[in-house]
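A structural walkthrough
Take a look at the letters that make up each chain.
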Amino acid sequence: MIMSATDDKRISLNWSDNSIDILIDDGSHKATDQLLSWCYFWPKMKAGGIYVIEDVTAPNMVYFKSHGFLVLDRRHLKDQQDDILAIKVK
């Protein structure tokens with residue numbers, strides 16, 4: 001399903017807690033949107049579920065690392081400043 005990951009009302013209507021196996025956030029590159037999405041969806045991830053955030057910016061790498069995300073810096077591959085992935089398994 002494609003939708004705004006910051007629409008908490010629609011999220012609540014479409015997903016219950018512990019119902020998502022894998023989620024890839026490839027939306028806004030804004031840290032605030034990425035964090036809102038994580039706050040809304042993390043409780044809905046199944047145990048063992050994989051949460052991936054694409055296009056994390058360098059200043060936000062530290063935040064995601066401090067919250068237990070594996071952070072993969074891929075900027076060197078295409079010389080793009082937001083080619084950073086944050087991955088967390090529940």
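Everything below is about the structure shown above.
In short, a report on the structure. (Residues numbered from 1 in each chain as written. Predicted model: local features only at pLDDT ≥ 70, side-chain atom pairs only at ≥ 80, totals over all residues. Heavy atoms only, no water.)

**Some details on unusual backbone geometry**
You will see that asparagine 18, though not glycine, has its phi angle at about 60°, which is positive. Judged by its relative accessible area of 47%, asparagine 18 is partly exposed. Residues other than glycine seldom take positive phi values, yet aspartate 55 does so here, at roughly 65°. Its relative accessible area of 13% is what places aspartate 55 among the buried residues. (Buried < 20%, exposed > 50% of the residue type's maximum accessible area, 1.4 Å probe, protein only.)

**Description of the sheet that holds strand 2 (residues 45-53)**
Strands sit in the order 1-2-4-3 across an open sheet of four strands; the sheet is mixed. Since the sheet does not close on itself, it has two edges, and those belong to strand 1 (20-25) and strand 3 (70-73), each with one partner. Neighbour-to-neighbour, the strand axes of the sheet open up by a mean angle of 10°, direction not taken into account. The pairing of strand 2 with strand 4 (residues 84-89) spans four bridges and is antiparallel. Note on strand 4: the bridge partner recorded for tyrosine 51 is lysine 88. Helix 2 (residues 31-41) contacts strand 1, strand 2 and strand 4 of the sheet and is inclined by roughly 170° relative to strand 2. Packing of helix 3 (residues 58-66) onto the sheet brings it into contact with strand 2, strand 3 and strand 4, and relative to strand 3 it is tilted by some 155°. (Pairing = 2+ DSSP bridges. Helix = DSSP H or I, 4+ residues; strand = E, 2+ residues; numbered from the N terminus. Axes fitted to C-alpha atoms, helices over the stretch in contact; angles between N-to-C directions. Contact = heavy atoms within 4.5 Å.)

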